[in-house]
Amino acid sequence: MISSDSHPFPRIQPVGFDGLLVSFADTMAESSNRAALAFRNALDLAQWPGVIETSASLASAYVRFDPYQLPHAEIRSRVSELLGQQNWFDAPMPSGRKYWRVPTVYGGDLAPQLNEAAAAAGLTSDEAVRRLSDTRVRVLTIGFAPGQPYLGPLGPEFNIPRLQELTPMVPEGALVLAISQFVLFSGPTPTGWRHVGQTAFRCFRPETPNSFALTPGDEMQFYSVTQEDLEHIRANDFDGSGGATYQEIGS
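Rules used throughout
Residues numbered from 1 in each chain as written. Predicted model: local features only at pLDDT ≥ 70, side-chain atom pairs only at ≥ 80, totals over all residues. Heavy atoms only, no water. Salt bridge = Lys/Arg side-chain N within 4 Å of Asp/Glu carboxyl O. Helix = DSSP H or I, 4+ residues; strand = E, 2+ residues; numbered from the N terminus. Buried < 20%, exposed > 50% of the residue type's maximum accessible area, 1.4 Å probe, protein only. Arc of directions from axis to C-beta. Contact = heavy atoms within 4.5 Å. Core = buried A, V, L, I, M, F, W, Y, C linked by side-chain atoms within 4.5 Å. Pairing = 2+ DSSP bridges. Axes fitted to C-alpha atoms, helices over the stretch in contact; angles between N-to-C directions.

**What about the pattern of salt bridges?**
- Summed over the entire model, instances satisfying the criterion amount to 15 salt bridges.
- Notably, a salt bridge pairs R130 with E127, separated by 2.7 Å at the nearest N-O pair. With R130 and E127 both in helix α4 (residues 125-134) and three residues apart, the pair spans about one turn of that helix.
- You can call E127 partly exposed: its relative accessible area is 22%.
- It is possible to trace a salt-bridge network through shared partners that takes in E127, R130, R131, D134 and E157.

**Comments concerning α4**
- For α4, the full list of buried residues reads A128, V129, L132 and S133. Taken down its axis, α4 places every buried residue within 115° of arc, on the same side.
- The elements touched by buried residues of α4 are β5 (97-106), α3 (114-120), β10 (181-184), β12 (194-198) and β13 (219-224).

**Regarding the nonpolar core**
- Counting 29 residues, the largest nonpolar core has F182, F201, M220 and F222 as the members making the most contacts within it.
- If you list the elements that add at least two residues to this core, you get β5, α3, α4, β6 (136-142), β9 (174-178), β10 and β13.
- For F201, the contacting residues outside a window of four places in its chain are W100, V102, G173, L184, A213, L214, M220, G240, S241, G242 and A244.

**Remarks on unusual backbone geometry**
- Residue F9 is joined to P10 through a cis peptide bond whose omega torsion reads -5°.
- The step from G152 to P153 runs through a cis peptide bond, and the omega angle for that step is -5°.
- Relative to the assigned elements, P153 resides in the loop between β7 (149-152) and β8 (167-170).
- A positive phi is found at I179, a non-glycine position, where the angle reads about 40°.

**Points about the sheet that holds strand β2 (residues 19-23)**
- The strand order across the open sheet built from four strands is β1-β2-β4-β3, with neighbouring strands paired in antiparallel fashion. Lying at the two open borders of the sheet, with one neighbouring strand each, are β1 (11-14) and β3 (51-56). Put simply, the sheet's adjacent strands are angled 20° from each other on average, direction ignored.
- Alignment of β2 against strand β4 (residues 60-65), held across five bridges, turns out to be antiparallel. In the sheet register, L21 faces β4, and the bridge partner there is Y62.
- Strands in contact with helix α1 (residues 30-46) are β2, β3 and β4; relative to β3, the strand with the most contacts, it is inclined by about 165°.

The following block contains the structure:
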């Protein structure tokens, strides 16, 4: 599947002298994120000599290459040919993914902006917690900070704007919400997103061989627990999982 005048995506664009960006949409949706993840995986499986690295964002895949080993015209031709091999918008997801279930405290002192987020979504706080904790979301991409996932999509009711002013600081493990997505913070940071949940899950574990706990394409569910439950989890958490469990999933 390649672009045309009537269907501008997928679209190949140069990025500097040693990169190509393959965009599947100009906004994030389940199908465009699926396409980006599947196409990035296909690039990796192709193992073209001269490719240095690949990555995927919310709706695009990026490939960086050595232009002396793999000329720009040649890799663009290969990428275009690979794009034409199937409809990437309904391609199978990469293998080796995980489904995580993460205990989460919603609201209260640990996540003080839940009520505000629920009101912006037109819901009671209890209904917002029910919907958020029942929703299984995808790791759409990793970015902004080491190991930090953008997660979604959430239901359209949670397509709420960012805050107009920054929250000075949220802690590691904070679950924040805006524009139908979660972000699970890998470290303390200011944010313009609403802090609706708190976990003990560590996304970035530099002391381990695989320092990023999550991979794009993984799926997560943030189920509701009490503050007392989370305190007990923290007291007995020796690996950074924060009480989370996972299972392998297929496409």
